[in-house]
Structures are given as C-alpha cells and as structure tokens.
Amino acid sequence: MTERRPRAPWDPHSLDAAERLRRQGDLEAAARVAIDRLEHAPGDAAAHDLYARVLADMGNLPGAESEWQEVLGQLPRHAGAHKGLGFIRFREGRLDDALDHLEIALASAPGDPAVVQAMRTVRAALQREASPPRDRVFEGLEGAGRGLLLVDARGGVLGGAVRDADGFDRSELVGGYAADLVHEARRTTAMLHLGSWEWVVVEGSEGSTYLAAPTDEAVLCILRDRGVPAARLTLLAEPALAAAREWLHEQTL
Amino acid sequence: MSAHVRRALEEITRIRGVRGAVLADRTEGIVVAESAMLGVRREAIAALGASLVRRCGVLLEGGGLGVPRHVLLQGREGTLVAVPVTDELLLLAVGDAAVNVGLVRAELQRVARELR
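What you are looking at is a predicted structure, and each value in this text was computed from that prediction instead of being measured. (Residues numbered from 1 in each chain as written. Chains lettered and ligands numbered in written order. Predicted model: local features only at pLDDT ≥ 70, side-chain atom pairs only at ≥ 80, totals over all residues.)

Visitor: Let's hear about the interface of chain B and chain A: which residues, and what values?
Guide: With 32 residues of chain B in contact, the opposing surface of chain A contributes 34 residues. If you list the elements that add at least two residues to the side of chain B that touches chain A, you get helix H2 (42–62), strand E3 (68–75) and strand E4 (79–84) of chain B. At 11 residues, H2(B) tops the list of elements feeding residues into the side of chain B that touches chain A. Residue composition of the side of chain B that touches chain A, grouped by class: 17 nonpolar, 10 polar and 5 charged. (Contact = placed C-beta atoms within 7 Å. Helix = DSSP H or I, 4+ residues; strand = E, 2+ residues; numbered from the N terminus. Nonpolar A, V, L, I, M, F, W, Y, C, P; charged D, E, K, R; others polar.)

Right under this line is the structure:
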C-alpha cells in the first residue's frame, strides 16, 4: 500500500518513508518529503542522498549529481553518493570514472550487491570498449569492430571482430564456422564443376553473412543484421577485401 | 505431389542458364525429386547442397543471425542457389556463373511456398 502521509520533516524516520515512496514509484511524494527534510535540516547528508536518488529516477541527472556532490562535501567516502555518481558517469560513457566511484563505494560498503553488480556491468562495458589491435585491419570501413572478420584457413582470427547485438565478441566462434563453411564451399564448387570458389552469401532470418577469400590462405567474413539487404554485402565486400589483402601483405613484409 | 513437384522443378530448369533443380532431404542429403540436364550430378547436388546449408546454419547461429533463408554459392564457372523449404526439405538449383540469381531465387521461393 502506498504511504500517503509521511512523518513530519523533523522526524529522521521521514526519510525511510520517503525511500519507500521512491521504491513504489511515487517520486513526487518522495521528493516532497526529502525537500521538507532539507528545509528543516539543510546539512542532512542522508536527505541529500535520497533527494539525489529521486532526481536520478526522474531523469534529472545534473540535479542528482549536484545533490551527491553536496553529500561528498560532508562525507567524502559516502557509499551512496559514490554509487550514484558511478551510475551517472556510466550513463555519460565515462567508464573509468564510473569504476573509480564504484570502487570507493565498495570500499565504504563492502559486499553491497548493488555495487558489485554495477562494477560487473562497468567492467564488461570497458572490456567491450577496448579495441584490440586486430581491429585495425578494417579501420574506417563500415562495420569495422563488429561485423568484419578476417580468419586463416583453419579458423584462427587474424583481424577484425564480430560482436552480437549485446556487444559480446563472437569472433572466434564465427571464425571457426566460417573457415569450415569455406572448406565445404570449395569442395562443393569443385565436385559440381562450378569452377574455383569465389564467394558465398547466406541470408538468415535475423541477418546475412558473406564469405570470400582475399588470398588462398585467408577468409573474409562479413556479418550484418537484417536491416542490410544480403545483396548489398557483395558491395561492402570490395573495400573489405582490398583492406584485408593490404593488411595481409604488410604482415608478410 | 511428385508430379506437381517435378513440374515445378522443370519450370526452374527452364530459366536461362539453369542446369538443374533438385528437391533434397536436408538431413540425409538425398534426392527427393529433380529436373536436370543430362550429365548434371543430381545426387551430388543434393548431398553437397544439404551439407553446405547445414554449415551455413551453424555459422548464422554462431553470429546470432537466425536460420538460413537463402544461400548463394558463386564459383568461377557456375552458381548454386539453395532455399530451405522446411526443416526436412531443401530446394537447390545449379546454373551458369552468370545466371539470373534473383529470378532463380524468386522461383525457388515460390516453389518452396507451394510445398509448405
């Protein structure tokens, strides 16, 4: 049941009631209690922290940040404020800064499951963001780092990367399957007297892939979601094949 | 069904540049029905086509791209087009390198719809 009559602002327990209101989604009522409390006790760090959480829930991140900074002015290692600022930095894409705040939060509140989970999320994002050197093969091309992959004839990843919709790296898995498919494609063209294998396009229910060989010892694999017509992959392939040949040539110099 | 399927495959084979069309068992890679020019290796088309499409499915799944709807294999002197009909059946057409693959694909898909 929603609490409609929170305690008086001079009662420190009013913040507990306000937190319940916040969790129930009654942000306006929670904000009113927090503001009342701050008018009565302007230096109350817990009230600033709560008001910041309410503002963050409302989408007012600058307002929330201001409140959390106020908290840190009084209590530099306040776990809630660092957790909140970690969230804001994460939303801003400042992942290192987010991790810094969360580490302080964890040190102040060891074992807090929300902080532990938040750190996992930020670290996973950092890992996805890290661009390994092999991505340079297709630098500047459409799909570089997520849908262009270069593997050797045995499926070993040489360059580029394939990532799924959640950003997870599927390069090794796709590379192995791509090399296997190319082996079968070569066998098929040979046995059906179709001449030497040139390329294969596979249109799937959720996207398409294109495979070709920039050299006898390498396989280019392009993957796109279903927003890109399969036939367009043959056009995308030309610059990717050229880049792959150039990169492979550089590696042998 | 077999006469109807054979007629449908013959229509595909009439497309300029198409050498043969085969309805294959996807799991076993054997010919269910066919219409092909003399000298075209129907059994090889069924066996190799089924194997190829199976591997295409594995690759698509690995990349999170769903299940195969259409496969186009291009050789220097010829083309193989494959369209899965059901989990059990697969339509295949083999043609020249410059065959109109858009038309072949459309016809295969039309036949596939009729067979489902």
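Back to the text.
Visitor: An account of H2(B) is requested, with residue identities and associated values reported.
Guide: With 21 residues, H2(B) extends 30 Å from end C-alpha to end C-alpha; this agrees with the ideal 30 Å at 1.5 Å per step. Where H2(B) ends, the next residue or the one after it, Gly64(B), has phi of about 70 degrees, a positive value. (Expected span 1.5 Å × (residues − 1).)

Visitor: Which residues make up the environment of Ala107(A), and what are the values?
Guide: Relative to the assigned elements, Ala107(A) resides in helix H6 (residues 95–108). In this structure, the C-alpha to C-alpha distance between Ala107(A) and Ala79(A), residues 28 residues apart in sequence, is 8.1 Å.

Visitor: Describe in detail the packing of helix H3 (residues 45–58) of chain A against helix H4 (residues 61–74) of chain A, supporting the description with residues and values.
Guide: For any two helices packed against each other, one specifies the inter-axial angle together with the distance between the axes. Residue and element names in this part refer to chain A. The geometry of H3 relative to H4 is characterised by a closest axis approach of 8 Å and an angle of 160 degrees between their N-to-C directions. As summarised for this structure, H3 and H4 are arranged roughly antiparallel, according to the angle between their axes. Regarding H3 and H4, the two cross each other, and that crossing is left-handed. Contact with H3, carried on its side by Ala45, His48, Asp49, Tyr51, Ala52, Leu55 and Ala56, involves Leu61, Gly63, Ala64, Glu67, Trp68, Glu70, Val71 and Gln74 of H4 and no other residues of that element. Considering only residue class, the contact of H3 with H4 consists of 9 nonpolar, 3 polar and 3 charged. (Axes fitted to C-alpha atoms, helices over the stretch in contact; angles between N-to-C directions. Parallel < 35°, antiparallel > 145°, perpendicular 65-115°, else oblique. Left-handed = near helix turned anticlockwise from the far one by under 90°.)

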